[in-house]
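In case you want the letters, here they are:
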Amino acid sequence: MLAMENGINCCFSASASNVYIYFITIAIALVVIRVSYVIYRSIKPLHTKSPQPLSTLIVLGSGGHTAEMLNLLSVLHTDSFTPRFYIAAATDNMSLQKAHLFENSVIDKEFRMAALKCKLSLVSATLLYKTGVLENAQFMQIYRSREVGQSYLTSIGTTLMAIAHALWLMIKIRPQVILCNGPGTCLPLCVIAFFFKVVGIRWSSTFYVESIARVRRLSLTGLLLYELHMADKFFVQWPQLQRKYPRAHYVGCLM
């Protein structure tokens, strides 16, 4: 009798294990199918033009990264990408100051033209100007995953904090477009945006422009986004990079 009970228990345990394995296999298969679909849809050409402005997240990096990004924004139709959310590292105040100056120049130009066309008074034009600044642009900061010279051991904690902060920002902003050009600050944001696509929370089109300083090889951030297919469109500014990374689009020098 005891042997029979042991045999029944063994059969039950084996059956339960098979059920678990079955469901785990199905779950993994569904995830793989969904990720494959997201990658397939991301690499398809973008032909549709939204009649409404697109909320846009713009990731700024220190030094030349910000200069390149603002130069790129200057040739875009900014009225098609509103509101604009600028994000820089928590220790990078200079980039946000430059973004403020850029937004001031954009809004100043737009409302000066509106004032001339509608013959608005100086007071009315100033009020519209301030309203436009508040509505069209917001400026935020995000924790760095790792500071220059920081040990790898302590960077584990700061990386987890940066990911949690990036998740909170992405839930708050829910951008339709993400523009970035190389700073490591953009990596957790792009990873979370890709995760949101997979689980169906939000489809954010990610556009990555590799820095002009990268002539022969991609930056670490660019390489990760390229190899993991996390960018909807990947642009380089040197033809030899496009030949080395054929899925990238060569757009010439933007500076």
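Analysis parameters
Residues numbered from 1 in each chain as written. Predicted model: local features only at pLDDT ≥ 70, side-chain atom pairs only at ≥ 80, totals over all residues. Heavy atoms only, no water. 1 Å grid on protein atoms, 1.4 Å probe; cavity = no way out; pocket = protein on both sides within 12 Å on 5 of 7 lines; lining within 4 Å. Points joined across faces, edges and corners; volume = space filled by probe spheres on them. Helix = DSSP H or I, 4+ residues; strand = E, 2+ residues; numbered from the N terminus. Phe/Tyr/Trp six-rings, centres within 6.5 Å; stacked < 30°, edge-to-face > 60°. Buried < 20%, exposed > 50% of the residue type's maximum accessible area, 1.4 Å probe, protein only.

K.L.:
Help me understand empty space enclosed by the protein in this model?
P.N.:
Empty space left among the atoms is revealed by rolling a probe the size of a water molecule over them. Throughout the structure, instances matching the rule amount to 1 cavity of 30 Å³ or more. Considered as a void within the structure, the largest cavity measures approximately 50 Å³ in volume. What lines the largest cavity is Glu68, Met69, Leu72, Asn181, Val209, Gln237 and Leu254. When residues of the lining of the largest cavity are assigned to their parent elements, the largest contribution, 3 residues, is made by helix H2 (residues 64–74).

K.L.:
What should I look at first to understand the layout of surface pockets in this one?
P.N.:
If you add up the space inside the second largest pocket, you get close to 640 Å³. Lining of the second largest pocket is provided by 29 residues; of these, Gly182, Pro183, Gly184, Thr185 and Thr221 occupy positions nearest its centre. Put simply, the parts of the chain that give the lining of the second largest pocket at least two residues each are helix H5 (152–173), helix H6 (186–199) and helix H7 (220–227).

K.L.:
Explanation requested: the packing of aromatic side chains in the structure shown.
P.N.:
Two aromatic rings are characterised by how far apart their centres lie and by the angle between their planes. Considering all chains together, one arrives at 5 aromatic pairs under this definition. Relative to Phe196, the ring of Phe195 has its centre 6.3 Å away and its plane inclined at 50°; by these criteria the two rings are tilted. Phe195 sits in the partly exposed class, given a relative accessible area of 47%. For the pair Tyr226 and Tyr245, a centre-to-centre distance of 5.3 Å together with 75° between the ring planes defines the contact as edge-to-face. You can see Tyr226 sitting in helix H7 and its partner Tyr245 sitting in the loop between helix H8 (239–244) and strand S7 (249–250), a full 19 residues away along the chain.

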